[in-house]
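Architecture and fold: a report
Spelled out, the chains give:
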Amino acid sequence: MSKRASLAISLPALLCASAAIAQSPQSQSSQSNVIDLDTITVTAARAERSTAETPQSIQVLDRAQIEEQLKFSPNAAAALGKLVPGYSMSTQTVSSASENYRGRDLLVLIDGVPMNTPLRDVSRILALIDLNTVERIEMVAGASSLYGAGATGGTVNFITKKAADGKPKVTINTAVRGFTQALGRSLAPEASVTVSGKIPDGFDYLISGSGRGAGRTYDGAGRELPSDGLLGQGGGDRYKAGNLLAKLGYDLDASKRIELQGSLIAFDQDPKYLTNYAAPFARPDRTQLYTGQNVIEDTKSVSLRYSDSDFALGKLSLLGYYNDIKKRFNYSTFSYPYNSQVYYSFNPASPTSPDNQTTLYSQRGGVNLTIDTPLDRILPGAKFTWGGDLSQEKTWQTLTNGQDVFTPLKQTTSAAFGQLQIPIGERITLRGGLRYEYFSLDVSDYTRPAAYAAVAANNAQGFQSFVLPALNVTGGKFDYKAWTGNLGATVKLSESSEIFGGFSQGFALPDVGAFTRRAGISTAFACPVATPNCLPANRRNVSYASIAPEAQIVNNYELGIRGSHGIFKGSLTGFISTSSKGVTFDQASNTISQQRERIWGVEATGDVAVTEQFTLGSVLSYREGRYDTNGDRKLDSALPNNRIGSPYRGMLYGSYRFTNGMQLRLEGEAFSDRDVATDLRGTRNRLKGAATMNVAFTAPVLEGEAYVAVNNLFDRAYQNPTATSVRNLANYAWGRTVTLGFRKTF
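A brief report on the enclosed structure follows.

**Comments concerning the overall build of the chain**
- Secondary structure summary: the chain contains eight helices and 38 strands in total.
- Compactness check: the chain gives a C-alpha radius of gyration of 26 Å against a globular reference of 27 Å for 746 residues, within 12% of the reference.
- Here the chain, with 746 residues, has 57% of them falling under the buried criterion.
- At a minimum sequence separation of 6, the contacts of the chain that also span at least 24 residues come to 69%.
- Of the side-chain charges in the chain, 75 are positive and 66 negative, and the distance between the mean point of each set is 5 Å.

See below:
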């Protein structure tokens, strides 16, 4: 089905269905259906603030929205991709490769604890977060450094549920999912149980455990999807996954509280076949059984938080945390041009080393101090939020034989910040702040393993292979430091709407591991296959200093309006972000570069309560970007697809709640083509647009809630734009999936 045909079916179908529902006997006069906005507080400034005081674009997904999206998918990235304008469409795998926020990196927090591995950004976080334990999701758009490095595109904070008061309360959620193309082979069961309560005048507790599995996955044409379509990242099939969260809290008195929290994330994928990366699209290679080790995730995190709302200097929050992360990726074999570089076996007939599979290890501990001091004695309503962060992390990655694939890294980060908020009159709130960040990076010596690689050539194979001999990389100690700032304002237009805008900066050290992993990845260090150790001894060494990435500061400017009026609520924001040291990965040359760049866009959300039962809503976004490919300070080319993806995206949805408690939700999603020159050679990698429709129906059953949901209702066969942009190799999206589930709290 063509894109135009799909659009012609999906969106009008949703509108027609919505209109029919709107004309039902249950329809009420819209005059009485005023959208009532609760005061929403977020932790965007390290202290709780209402959105009306925050001069940035913010989205808060509440528990009801999370439960709505859980019917369609347990993947957090899928929910963000639908409901948050500016966030990429999900890859539908365990990996978030090429998923980004406004074209840049996203800092992921769980209850304020950072979960990224910034020294080696491996893009596997969001898909493994258990949404059953999440009370709300806060998305803050734009560059920021208030939570530390990494938020060049935005910050997402998953706030887990609080313990319920009183006797133990139990919540269960069970579901089974499957592809209608092959229901029996694709069944994916899942279950979650959460128990929470509070002992009178004693401890409160919350314990949650969940597990899920997946069979095979299929596209809309009935083709089985590969287990590793994104080349080493991990897929969405043949896996088992589990999560465990435990929280134990105690109120020392009315103002003081201490809370201990621990979590475990586990994942185990057992692929059956290797992936065929030959054009025209990634697919299982049924001639080659998968010979590598299972793909795994073993992430443990523990944190201890002390808070005092009656501290002498204001509200105090002290958080200590420790993460122990292990991620093993897929085994893959040489395949030109999409997997044109592998660790070498020294057998040209079968060049891929049997150890060509890596495991990442990251250990990170830190302390965050935040004090929110009221300044009413100086200026009524003024507040000063201040504090500091200290963290240390170690990151390394090895082949299955234990050999390092980049320089083992150790980084100590220290930072101090201050954030001032001043009301001016009754309508204007100013906010500005500064943060000083200091990175001390220890880079160990290491030997980059020998690699087998190829470049295009005019011969029968279409490529010329060569060997990159093992290379000694000399490390050292390096420092990075910077001041970053932010300044913005909100202007209240009414009690429920405001204009906001400002400037903010994010500071980050790019993926250092990715740079050192590619040390000497150049034909300048190449040897013929016949003489794989041709380099003389004096050319087998490079220093980290010669390849070190530069820290980048991203400047974000935005202006927007948000609020509600009568039956309407919504937001409209425009933004521009710039950097002189942006980071871009080129799939064709397997290289990473830094350059001047600019990204801009417009984002909008809107809801209208047509009746008390019926709501229509939309999420729309546009973004585009350009960069300087040759260092002449001219933005001469469009940023690659793995930074921008489809420029135009949107979702239109309608939700109707019947008087008997049943509820129907329809969603129409669409995204555009992208076909632009991404370098001075005029290289184009076209992304194809598409449109799909989803539907969910919920009914009260046994004092709980039963639901059925269908993704990709018309079984459209289309290319997933985010997955495709990772290697510019077409990856097809999921076909029609059906979910049956039941949820109950007692």
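**Here we look at the nonpolar core**
- Residues Leu409, Leu441, Leu468, Tyr480, Val512 and Tyr544 are the most contacted members of the largest nonpolar core, which totals 32 residues.
- Of all the secondary structure elements, the ones that give two or more residues to this core are β21 (428–443), β23 (451–456), β24 (463–468), β25 (471–474) and β26 (476–494).
- Setting aside residues no more than four positions away along its own chain, leucine 441 makes contact with Leu119, Leu409, Lys410, Gln411, Gly476, Lys477, Phe478, Tyr480, Leu509, Val512 and Tyr544.
- Listed in part, the 30 residues of the second largest apolar core include Leu80, Val84, Val113 and Met139.

**A closer look at the pairing of strand β15 (residues 295–311)**
- Pairing geometry for strand β12 (residues 256–269) and β15, over 14 bridges, is antiparallel. Paired with aspartate 268 across the strands is isoleucine 296, a residue of β15.
- Sheet topology note: the β15/strand β16 (residues 314–328) ladder contains 14 bridges and is antiparallel. Note on β16: the bridge partner recorded for arginine 305 is leucine 319.
- The antiparallel hairpin formed by β15 and β16 contains two residues in its connecting segment.

**Details of the sheet that holds β25**
- Read across the sheet, three strands follow the order β22-β25-β28 without closing on themselves; strand pairing throughout is mixed. Taken across any chain shown, the strands that pair with only one partner, and hence form the sheet edges, are β22 (446–448) and β28 (541–543). The average angle at which neighbouring strand axes cross in this sheet is 30°, direction not considered.

**Comments concerning the sheet that holds strand β6 (residues 134–141)**
- Strands sit in the order β3-β6-β7-β4-β5 across an open sheet of five strands; the sheet is mixed. Where the open sheet ends on each side, the last strands, each with one partner, are β3 (58–61) and β5 (113–114).
- Pairing analysis gives two bridges linking strand β4 (residues 106–110) to β5, with the strands arranged antiparallel. Residue pairing across strands places leucine 109 opposite proline 114, the latter belonging to β5.

Rules and cut-offs
- Residues numbered from 1 in each chain as written.
- Predicted model: local features only at pLDDT ≥ 70, side-chain atom pairs only at ≥ 80, totals over all residues.
- Heavy atoms only, no water.
- Helix = DSSP H or I, 4+ residues; strand = E, 2+ residues; numbered from the N terminus.
- Rg over C-alpha atoms; globule rule 2.2 N^0.38 Å.
- Buried < 20%, exposed > 50% of the residue type's maximum accessible area, 1.4 Å probe, protein only.
- Contact = heavy atoms within 4.5 Å.
- Lys, Arg positive; Asp, Glu negative; His and termini not counted.
- Charge placed at Lys NZ, Arg CZ, Asp CG, Glu CD.
- Core = buried A, V, L, I, M, F, W, Y, C linked by side-chain atoms within 4.5 Å.
- Pairing = 2+ DSSP bridges.
- Axes fitted to C-alpha atoms, helices over the stretch in contact; angles between N-to-C directions.

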